[in-house]
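Secondary and tertiary structure notes
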Number of protein chains: 2
Amino acid sequence: MTFSIATIAAANVATPPMPAPQPRTAGTVTGRCAGCSARSKGLCGALAAGDLPDLSTTSRPLDLLSATPVVMEGEEADAVFTVMSGMLKLYKTLPDGRQQITGFATAGDVIGLTVGTGYAYTAETVTASTVCRMPRTALRRLMERHPAVQGRLLAMTSVELLAAQDQILLLGCKTAVERVSSFLLALSRRSRPLADGTPSVFLPMPKVDIGAYLGLRPETLSRVLRKLEVAGAITRLTNDRIRIEDPVALEAAA
Amino acid sequence: MTFSIATIAAANVATPPMPAPQPRTAGTVTGRCAGCSARSKGLCGALAAGDLPDLSTTSRPLDLLSATPVVMEGEEADAVFTVMSGMLKLYKTLPDGRQQITGFATAGDVIGLTVGTGYAYTAETVTASTVCRMPRTALRRLMERHPAVQGRLLAMTSVELLAAQDQILLLGCKTAVERVSSFLLALSRRSRPLADGTPSVFLPMPKVDIGAYLGLRPETLSRVLRKLEVAGAITRLTNDRIRIEDPVALEAAA
DNA sequence: GACCCGCCCTGATCTGGATCAACCGTACCC
DNA sequence: GGGTACGGTTGATCCAGATCAGGGCGGGTC
């Protein structure tokens, strides 16, 4: 039986870099958020520097090993999490165990938002990650005190909705080759090119997870990647990095 | 060539009940929104009765025939529409013409919301419908004047996101029988049962549209409905109405 | 009335991706 | 080192749903 850290905060937390619970001295606490790498992203970007104490007193960073559940579908949603580093997968599960990954979360993404009382999906780290936990009550208070937070929340939710509708189009209409090509292109737009300028994508998650995101079996994904490689559209540098050789060809395939 | 009424307001508007542009007499205008059947839903539900003039002066109802486009994917998003009656389909189109319906909109739903400058999908009536048009600038002003509107917007967007994620699960994992069963159950939860108390669903849209929503061909949909009928789970009363005979069996199939 | 057209249904066949099975390379552990 | 477990790849086969084809029916028009 696994428990999510939403309810059992001590589970699966990496030992060395976890900061011990800090006293609420304003100085220390403001400094923590001020130096945060995700400071300008997520919900926190909606706040001015002067408002940081409101964040620091309620939020707490957590360093997590890979394969650690953060929130569990259906569990009571008592906190939201901002990803500071690493990558998580978000997925839904059918009663018989089939899983559909609805998205991957990286730095700046906020997970655990919900309209009801329970989380809508399970979130689990795919690499070692750092997330920042904020209780739901604190988020509510933050929204009341800072209307800009609500606006940011609306903008983020709208962007997620757009992405979800694109995914619906992908799953409902596209072939395996089109799905993989679309996926690689979408990732390459969000990542830095290699030193020589050619675009590349980093795939830290296992192939079975990419398949579960695209509605494909890992065998099919493997075959499609090989086909794209033979066609000269991509090169597989390592198991977790692909170089895009011909973005135009990929675009045509997507 | 078709044009959406977002840009050409006079096209495809039904002749008789279309109210002529009204003078801005506060009385008339407040009355229009006060008597609106969608008054408590959509964005308008976030406003108190005293604030109705803010709505009435900027919104305008439109009666539309079936198969009328309201917004077109990619077109400049200069207005949002609240559905007052009827039904619309929302869909995305691939370059080669394949279409994926992302949802159906009924009374109270708001269409045309977007984060960017262009609409994210095409919306088209499937039955004769009445929608209420509000320019985007008016919505922006309304949000500034009434913070509750923004909250309502956030709630509505979040609910849509949940629905989109459920649809991703459906398209990514489920079989044809599971998709159709899930669809019928979801609809039956939102509709009134028949006079004798048994639940039923109303399907005014053509079968090809239901298929495009569920990621199935119409032939497959037809076969699945027949199979469910033979199994005793449903009865097809007319072409556009189905009675749910055995909700438990449907639940099991979904 | 006769005709047409769009929607729906049903049967026959095809196929893209799933499934089943085997193998390989790498990481980890004793 | 050897053993083992896991992720990834490849090949062979299968099948759910797509595609192709034909026919029925109801509504609209002349």
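Residues numbered from 1 in each chain as written. Chains lettered and ligands numbered in written order. Predicted model: local features only at pLDDT ≥ 70, side-chain atom pairs only at ≥ 80, totals over all residues. Heavy atoms only, no water.

1. Digging into the overall build of chain A
Using the following cut-off: Starting at the N terminus, helices and strands are each numbered in turn, a helix being any DSSP run of H or I of at least four residues and a strand any DSSP run of E of at least two. Think of it in three bands: residues with accessible area under 20% of the maximum for their type are buried, residues over 50% are exposed, and the middle band is partly exposed, with areas taken using a 1.4 Å probe on protein chains only. Contacts are residue-level and defined by heavy atoms, with any inter-residue pair within 4.5 Å sufficient. Where accessible areas are quoted, they stem from the Shrake-Rupley method and a 1.4 Å probe; at the residue level, only the protein chains shown are allowed to cover.
Scanning chain A from terminus to terminus reveals eight helices and eleven strands. Among the 254 residues that make up chain A, the fraction classed as buried is 47%. Nonlocal contacts in chain A, meaning residues at least 24 apart in sequence, comprise 71% of its contacts between residues at least 6 apart. Accessible surface for chain A amounts to roughly 11600 Å². Of this, 57% is attributable to carbon and sulfur atoms.

2. Considerations on helix α3 (residues 136–145) of chain B
Residue and element names in this part refer to chain B. The condition that has to hold: What the arc measures is the spread of directions leading from the helix axis to the C-beta atoms.
Listed as buried for α3 are Ala138, Leu139 and Leu142. The buried residues of α3 occupy one face: seen down the axis, they fall within an arc of 100°. Buried positions along α3 lie against α2 (52–56), β3 (79–85), β8 (129–135) and α4 (147–173).

3. A short note on the relation of the copies chain A and chain B
Let me state the cut-off plainly: Overlaid copies result from least-squares superposition on C-alpha atoms, with residues included only where pLDDT is at least 70 in both.
Superposing chain A onto chain B takes a rotation of 180° plus a shift of 0.0 Å along the axis, which leaves an RMSD of 0.1 Å. Those values place the two copies in the arrangement expected of a two-fold rotation axis. Residue by residue, 100% of the interface of chain A is reproduced at the interface of chain B, so both copies engage with the same surface.

4. A word on the interface of chain A and chain B
To be explicit about the condition: Buried area is a sum: the accessible area each of two parts loses on coming together, probed at 1.4 Å, counted once for each and added. Salt-bridge detection follows one rule: a side-chain nitrogen of Lys or Arg within 4 Å of a carboxyl oxygen of Asp or Glu. In protein, a polar contact requires one atom able to donate a hydrogen and another able to accept it; more generally it is a pair of N or O atoms within 3.5 Å, and residues adjacent in sequence count only if both atoms are side-chain atoms. Polar here means any residue other than Ala, Val, Leu, Ile, Met, Phe, Trp, Tyr, Cys and Pro, which are nonpolar, and Asp, Glu, Lys and Arg, which are charged; Gly is therefore polar.
With 33 residues of chain A at the interface, the matching set in chain B holds 33 residues. Summed over both partners, the interface of chain A with chain B comes to about 3200 Å²; 74% of that surface belongs to carbon and sulfur atoms. For the pair chain A and chain B, the number of links is four salt bridges. One can count six residue pairs in polar contact (both at pLDDT 80 or more) joining chain A with chain B. Elements supplying a minimum of two residues to the side of chain A that touches chain B: β5 (99–105) and α4 (147–173) of chain A. In terms of residue count, the dominant contributor to the side of chain A that touches chain B is α4 of chain A (20 residues). For the side of chain A that touches chain B, the per-class residue count stands at 15 nonpolar, twelve polar and six charged.

5. A closer look at the pairing of strand β7 (residues 122–125) of chain B
When a strand is regular, its side chains alternate between the sheet's two faces. Residue and element names in this part refer to chain B. Definition in use: Paired strands are those between which DSSP finds at least two bridges.
Here β7 shows two buried faces, one formed by Thr122 and Glu124 and the other by Ala123 and Thr125. Strand direction decides the pairing type here: strand β2 (residues 69–71) and β7, joined by two bridges, are antiparallel. Looking at β7, one finds that proline 69 is bridged to glutamate 124. Pairing between strand β4 (residues 88–93) and β7: four bridges, direction antiparallel. Looking at β7, one finds that tyrosine 91 is bridged to threonine 122.

6. Re the protein's contact with DNA strand D
How we decide: For this description, a residue counts as near a given molecule or strand if any of its non-hydrogen atoms is within 4 Å of it.
Near DNA strand D lie 17 residues; those nearest to it are Lys207, Arg226 and Arg236 of chain A together with Ala176 and Thr220 of chain B. Of what DNA strand D places within 4 Å of the protein, 70% of the atoms are sugar or phosphate. Contact distances for DNA strand D include 2.9 Å between a base nitrogen and a side-chain N or O atom of arginine 223 of chain A. A distance of 3.3 Å separates a base nitrogen of DNA strand D from a polar side-chain atom of glutamate 219 of chain B.

7. Quick look at the protein's contact with DNA strand C
If you check the shell around DNA strand C, you find 17 residues, and the closest are Ala176 and Thr220 of chain A together with Arg223, Arg226 and Arg236 of chain B. When atoms of DNA strand C within 4 Å of the protein are split into backbone and base, the sugar-phosphate part holds 71%. At 3.4 Å from a phosphate oxygen of DNA strand C is found a main-chain nitrogen or oxygen belonging to glycine 215 of chain A. Within the contact set of DNA strand C, a phosphate oxygen lies 2.9 Å away from a side-chain nitrogen or oxygen of arginine 226 of chain B. Listed by contribution, the elements that provide at least two residues to the surface near DNA strand C are α7 (218–230) of chain A together with α6 (207–214) and α7 (218–230) of chain B. In terms of residues, the surface near DNA strand C owes the most to one element, α7 of chain B, which gives four residues. Classifying every residue of the surface near DNA strand C gives four nonpolar, five polar and eight charged.

8. Considerations on the sheet that holds strand β5 (residues 99–105) of chain B
So the rule is basically this: In this analysis, axes come from line fits to C-alpha atoms, helices being fitted only over the stretch in contact, and the angle between any two N-to-C directions falls in the range 0 to 180 degrees.
The strand order β2-β7-β4-β5 (chain B) describes an open sheet built from four strands, whose pairing is antiparallel. Sheet topology places β2 and β5 of chain B at the edges, where each strand pairs with a single neighbour. Sheet twist, expressed as the mean angle between neighbouring strand axes with direction ignored, is 30°. The strands that α4 of chain A touches are β4 and β5 of chain B; relative to β5 of chain B, the one it contacts most, it runs at about 130°.

9. Describing the side chain of arginine 179 of chain A
Residue and element names in this part refer to chain A. Note the following rule: Neither His nor the chain ends is counted toward charge; the positive residues are Lys and Arg and the negative residues Asp and Glu.
Here arginine 179 lies in helix α5 (residues 176–189). Buried and without a salt bridge, arginine 179 has glutamate 178 as its closest oppositely charged side chain, separated by 6.9 Å. One polar contact links the side chain of arginine 179 to the main-chain carbonyl oxygen of glycine 215, over a distance of 3.4 Å. Apart from the residues lying within four places of it in its own chain, the contact partners of arginine 179 are Leu170, Leu171, Lys174, Leu214, Gly215 and Leu216.

10. Observations concerning the nonpolar core
As a rule of thumb, soluble globular proteins bury nonpolar side chains together. The following threshold applies: Within this scheme, the nonpolar core is defined by two criteria: the residues are buried Ala, Val, Leu, Ile, Met, Phe, Trp, Tyr or Cys, and they are joined through side-chain atoms within 4.5 Å.
Val180 and Leu184 of chain A together with Val180 and Leu184 of chain B are the most contacted members of the largest nonpolar core, which totals 62 residues. Discounting residues that sit within four places of it in the chain, leucine 184 of chain A has contacts with Val201, Leu225, Leu228, Ile234, Ile242, Ile244 and Leu250 of chain A. Counting 33 residues, the second-largest nonpolar core is a separate cluster that includes Leu139, Leu142 and Leu154 of chain A together with Leu154 of chain B.

11. Re the environment of valine 115 of chain A
Mapped onto the elements, valine 115 of chain A comes out in the loop between β6 (110–111) and β7 (122–125). The sequence separation of valine 115 of chain A and alanine 77 of chain A amounts to 38 residues, and the corresponding C-alpha distance is 9.5 Å. Those residues within four positions of valine 115 of chain A in sequence are excluded, and the remaining contacts are Arg136 of chain A together with Ala155, Ser158, Val159 and Leu162 of chain B.

12. Some points on empty space enclosed by the protein
Residues and elements named next belong to chain A. Where we set the bar: Think of a 1 Å grid over just the protein atoms. A cavity is a set of points where a 1.4 Å probe fits yet cannot get out, a pocket is an open set with protein on both sides within 12 Å along at least five of seven lines, and lining residues have an atom within 4 Å of a point. Grid points are joined across faces, edges and corners, and a volume is the space filled by probe spheres set on the points.
Evaluation of the coordinates by the stated rule reveals two cavities of 30 Å³ or more. Considering only enclosed or pocket space, the largest cavity measures out at about 60 Å³ in volume. Lining of the largest cavity is provided by Leu43, Cys44, Ser59, Val80, Phe81, Thr82, Cys132, Arg133 and Met134. Sorting the residues of the lining of the largest cavity by element identifies β3 (79–85) and β8 (129–135) as the ones contributing at least two each. Residue composition of the lining of the largest cavity, by class: six nonpolar, two polar and one charged. Lining the second largest cavity are Val180, Phe183, Leu184, Leu203, Lys207, Ile210, Leu221 and Leu225. A total of three residues in the lining of the second largest cavity trace back to one element, the largest contributor, which is α5. A class-by-class count of the residues in the lining of the second largest cavity yields seven nonpolar, no polar and one charged.

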